[in-house]
Amino acid sequence: MSHHTAAVPGATWVARWAGALLSLVVAAIHVVDQGGITATRDPYYIGVAYHVLEIAAVVTAVLLLGGLVRLGWLLAVGVAAGPLLGYILSRGPGLPDYSDDIGNWTEPLGLVSLAVEGALLLLSVPLFVGTWRKRHGRANT
């Protein structure tokens with residue numbers, strides 16, 4: 001079985017559309033948070049991470065809707081988990097040269113971001129695992 005799907009049941013399409021939309025919302029939230037598509041947050045590595053996340057989220061949506069489902073779900077896990085980890089680190093101990101958000105756990109856009117990323121993570125992990133099991137056979141798990 002390849003990364004492509006041959007016949008996709010309706011429920012699978014719903015999950016793929018949901019994953020694609022959640023990924024695009026993650027990208028949109030981060031574009032808003034950084035101040036626009038062409039803006040880059042400081043410090044520079046945070047700004048680059050935002051841009052990489054936004055690009056990865058769009059690529060994820062394209063992969064999920066284009067039929068490269070296993071790769072799409074794997075990337076969706078990263079699109080969800082990466083910003084969740086960044087949120088925890090930036091608000092907890094802080095990040096190098098970036099302490100602006102330490103203790104800022106209830107920022108409204110951050111909470112929306114957490115909800116969207118959490119939903120994407122809950123959707124993508126079991127679907128990625130399911131595609132992995134189909135690929136490698138249940139006996140190998």
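Refer to the structure presented above.
Read on for a plain summary of the structure. None of these values were measured; they are calculated from a predicted model.

That bond from Asp-42 to Pro-43 is cis: its omega, -5°, falls within 30 degrees of zero. One can find Pro-43 in the loop between α1 (10-34) and α2 (44-66). The backbone of Asp-97 sits at a positive phi, close to 60°, despite the residue not being glycine. Looking at the element boundaries, Asp-97 is found in the loop between α3 (69-91) and α4 (108-136).

Once that is clear, we can look at α2. Between its first and last C-alpha atoms α2 spans 33 Å; for 23 residues at 1.5 Å apiece the expected length is 33 Å, and the two agree. Turning to α2, its buried residues are Ile-46, Gly-47, Tyr-50, Leu-53, Glu-54, Ala-56, Ala-57, Thr-60, Ala-61, Leu-63 and Leu-64.

Time to look at α3. A rise of 1.5 Å per residue sets the reference length of α3, with its 23 residues, at 33 Å; its end C-alpha atoms lie 33 Å apart and thus fit the reference within 8%. Taken residue by residue, α3 has Val-69, Arg-70, Gly-72, Trp-73, Ala-76, Val-79, Ala-80, Pro-83, Leu-84, Tyr-87, Ser-90 and Arg-91 as its buried positions.

Let's shift gears to the nonpolar core. Ranked by size, the top nonpolar core spans 16 residues in total, and within it Val-26, Trp-73, Val-79 and Leu-120 carry the most contacts. Of all the elements in the fold, those that place two or more residues in this core are α1, α2, α3 and α4. When sequence neighbours within four positions are dropped, the list of residues in contact with Trp-73 reads Ala-15, Arg-16, Gly-19, Leu-64, Leu-123, Ser-124, Leu-127, Phe-128 and Thr-131.

Conventions used here
Residues numbered from 1 in each chain as written. Predicted model: local features only at pLDDT ≥ 70, side-chain atom pairs only at ≥ 80, totals over all residues. Heavy atoms only, no water. Helix = DSSP H or I, 4+ residues; strand = E, 2+ residues; numbered from the N terminus. Expected span 1.5 Å × (residues − 1). Buried < 20%, exposed > 50% of the residue type's maximum accessible area, 1.4 Å probe, protein only. Core = buried A, V, L, I, M, F, W, Y, C linked by side-chain atoms within 4.5 Å. Contact = heavy atoms within 4.5 Å.

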